Amino acid sequence: MDAKQIMQIFEDTAYVRMGGSMEELRAAEYLVSCCAAMGLEARIESFDVDMATIHDAKFLADGLEIPCKGYLCAGSGTVEAPFYYLRGTDPLSLSKCRGKIVMIDGYLGYWIYRDILENGALGFVTYDGHVNYTDRDIDQRELRAFVHKGDKIPGVNINAKDAVELIRRDVKTAKIVLKQHEYVGQSRNVILDLPGEVPEYITLTAHYDSTSLSYGAYDNMSGGAGLLGIADHFRMKSHRYGLRFIWCGSEERGLLGSKAYCAKEENLKNCVLNINLDMIGSVMGKFIACVSAEEKLCGYIEYLGAELDFPITAKQDVYSSDSTPFADKGVPSLSFARLAPPSTATIHNSYDTAALLRGEQMVADIDFISAFTARMACAKNIPVARKIPDAVKEKLDTYLNRKRAPK
Ligand SMILES: [Zn+2]
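Not measured: the values here are computed from a predicted model.

Colleague: Pulling in residues and values, what's your account of the overall build of the chain?
Modeller: Counting its secondary structure elements, the chain contains twelve helices and 14 strands. Its C-alpha radius of gyration of 22 Å places the chain within 12% of the 22 Å reference for a compact globule of 407 residues. On the principal axes, the C-alpha backbone points of the chain span a range of 65 × 45 × 40 Å. Looking at the chain as a whole, 56% of its 407 residues qualify as buried. Considering only contacts in the chain between residues 6 or more positions apart, those separated by 24 or more positions represent 80%. Per element, the accessible surface of the chain, about 17500 Å² overall, is 53% carbon and sulfur.

Colleague: An account of the packing of helix α7 (residues 217-234) against helix α11 (residues 359-377) is requested, with residue identities and associated values reported.
Modeller: As a packed pair, α7 and α11 sit with axes 9 Å apart at the nearest point and diverge in direction by 55°. Regarding the angle of α7 to α11, the classification is oblique. Considering only the axes of α7 and α11, their crossing is right-handed. For the pair formed by α7 and α11, the contact residues are S222, A225, G226, G229, I230, H233 and F234 on the first element and M362, I366, I369, S370, T373 and A374 on the second. Considered class by class, the residues forming the contact of α7 with α11 number seven nonpolar, six polar and no charged.

Colleague: I'd like a description of the coordination of the zinc ion, backed by residues and values.
Modeller: Looking at the metal site, the zinc ion is ligated by H207 (NE2), D219 (OD), D278 (OD) and D278 (OD), spaced 1.9 to 2.6 Å from it. Given four donor atoms and angles of 52 to 144° at the metal, the environment of the zinc ion is assigned as irregular.

Colleague: Give a detailed account of the layout of surface pockets, specifying residues and quantitative values.
Modeller: By volume, the largest pocket amounts to about 1100 Å³. Lining the largest pocket are 43 residues; nearest its centre among them are R144, E251, E252, R253 and G254. Broken down by element, the residue count for the lining of the largest pocket peaks at three residues, all from strand β1 (residues 43-61). When the residues that make up the lining of the largest pocket are grouped by side-chain class, the tally is 19 nonpolar, twelve polar and twelve charged. Considered as a void within the structure, the second largest pocket measures approximately 350 Å³ in volume. Lining the second largest pocket are 17 residues; nearest its centre among them are D128, G129, I347, H348 and N349.

Colleague: I'd love a proper account of the pairing of strand β13 (residues 313-316), names of residues and values included.
Modeller: Here β13 shows a clear split, with A314 and Q316 buried on one side and none of T313 and K315 buried on the other. Remark: the strand β12 (residues 286-292)/helix α9 (residues 296-307)/β13 crossover connection has right-handed handedness.

Colleague: Account for the side chain of E294, with residues named and values stated.
Modeller: On the secondary structure map, E294 appears in the loop between β12 and α9. On the basis of relative accessible area, E294 is assigned to the buried category, the value being 14%. For E294, the contacting residues outside a window of four places in its chain are Q316, P383, V384, A385, K387 and P389.

Colleague: Can you lay out the nonpolar core for me, pointing to particular residues and giving the numbers?
Modeller: Of all hydrophobic cores here, the largest spans 66 residues; its most connected members are I301 and F336. In terms of residue count, α7 provides more of this core than any other element does, nine residues in total. Ranked by size, the runner-up nonpolar core spans 37 residues in total, among them A74, V102, I104 and L143.

Colleague: A description of the environment of F372 should follow, citing residues and the corresponding values.
Modeller: Within the secondary structure, F372 sits in helix α11. Assessed through its relative accessible area of 0%, F372 is described here as buried. Sequence separation between F372 and L356 is 16 residues, and the spatial gap between their C-alpha atoms is 25 Å. Every residue in contact with F372, bar those within four places of it in the chain, is listed here: L273, I275, L297, Y300, I301, L304, L334 and F336.

Colleague: Give me the pairing of strand β10 (residues 242-248): which residues, what numbers.
Modeller: Where burial is concerned, most of β10 is hidden: seven out of the seven residues are buried. Summarising the sheet, strand β8 (residues 173-194) and β10 pair through five bridges and their orientation is antiparallel. Each bridged residue has a counterpart across the sheet, and for D193 the counterpart in β10 is R244. Traced from strand β9 (residues 201-207) through α7 to β10, the parallel crossover comes out right-handed.

Colleague: Residue-level account of the environment of Y71, with values.
Modeller: With respect to the helices, strands and loops of the structure, Y71 is situated in the loop between β3 (69-70) and β4 (77-85). Between the C-alpha atoms of Y71 and L339, which are 268 residues apart in sequence, the distance is 29 Å. Setting aside its immediate chain neighbours within four residues, Y71 contacts I54, L108, F124, T126, R141, E142, L143, G155, V156, N157, L178 and Q180.

Each value, and the rule that gives it
Residues numbered from 1 in each chain as written. Predicted model: local features only at pLDDT ≥ 70, side-chain atom pairs only at ≥ 80, totals over all residues. Heavy atoms only, no water. Helix = DSSP H or I, 4+ residues; strand = E, 2+ residues; numbered from the N terminus. Rg over C-alpha atoms; globule rule 2.2 N^0.38 Å. Buried < 20%, exposed > 50% of the residue type's maximum accessible area, 1.4 Å probe, protein only. Contact = heavy atoms within 4.5 Å. Areas by Shrake-Rupley, 256 points an atom, 1.4 Å probe, with all protein chains shown as cover. Axes fitted to C-alpha atoms, helices over the stretch in contact; angles between N-to-C directions. Parallel < 35°, antiparallel > 145°, perpendicular 65-115°, else oblique. Left-handed = near helix turned anticlockwise from the far one by under 90°. Nonpolar A, V, L, I, M, F, W, Y, C, P; charged D, E, K, R; others polar. Donors = N, O, S within 2.8 Å, 3.2 Å for Na, K, Ca; no water. Tetrahedral: all angles 85-135°; square planar, octahedral: opposite > 155°, others 65-115°. 1 Å grid on protein atoms, 1.4 Å probe; cavity = no way out; pocket = protein on both sides within 12 Å on 5 of 7 lines; lining within 4 Å. Points joined across faces, edges and corners; volume = space filled by probe spheres on them. Right-handed = clockwise from strand over helix to strand, strands pointing away. Core = buried A, V, L, I, M, F, W, Y, C linked by side-chain atoms within 4.5 Å. Pairing = 2+ DSSP bridges.

What follows is the structure, given as structure tokens:
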């Protein structure tokens, strides 16, 4: 695929495609059609996801209505209580949550939700966007199943500009109204097999869903297009290990597609390596590999970069993407990404469009990943041991909220 063909993919998928939505299905069908155009037969595999339709969401601060979006899957109800801004997670700050509607900074992660629940919060407010942006966009958030674990309190998301204003005005009371219909829906992985000579295979993953305001060109149709480019590279070539391409659904909702795939033991029995792409081809920025496998693989990748005149830094770590469920099940995994400086490219908002990407850079990034994949897929013996080092296991424990990160 050349630069122009790749940029066409971003034009064709310039729409929001949240996990479980009809638009996500539309993108899945588009990927199947891209494979068909190359003479390859991909299939769609569905999995269950929690869904919700919001009927009403209101947030009032001292009686004044503030634009908001209700949290999906956070139950229905009305709460009226004193308003409290949780500035830090120290015990003193947390102790003041009791009986209040609590506004927090940043994402509603597992531990912060547990903390405010244990300290008696009745509802929550998060905010996103940026005080210096001209928009007043509000992202559609959800209370994820692995965060609430059955304990739900209602919450809303608001714009950062309004969040600042609440504190300036020293708001005392808040009210949240949330009404929604919750149900089980479907999200999908798109799977394409290029069989090798042996039953063992390498999985290549990239998520194709986006967040609520975003066309997700950089995050992560760039990885999705990357998989198409790699499939195109290999479709006429023989290789010893099989290649299984998985365009993952609902990654932005908590790696749900890769988790669904990895939940089936038979899916991993013959999987020797996972190569994940999450954000490549940006105009600006450096190329990295995040390796959840033996440290030795980092050296191998950097040597290969030197050999092919493709600068890359490889580090042993856990990447917040679809490689992680594989690593957690013992499959050596790595994620490739081109990380742009935040002043030149941001994600999870309406600014993540094809404008962040460059076709020629996409081609160069795909060429390198294809070269690495070829080394592994054509190896007499795949050199990466099928084990996860203890240092990585520890990081998986914190990333997957089994253990709390040290302060
Ligand atoms: Zn992503």
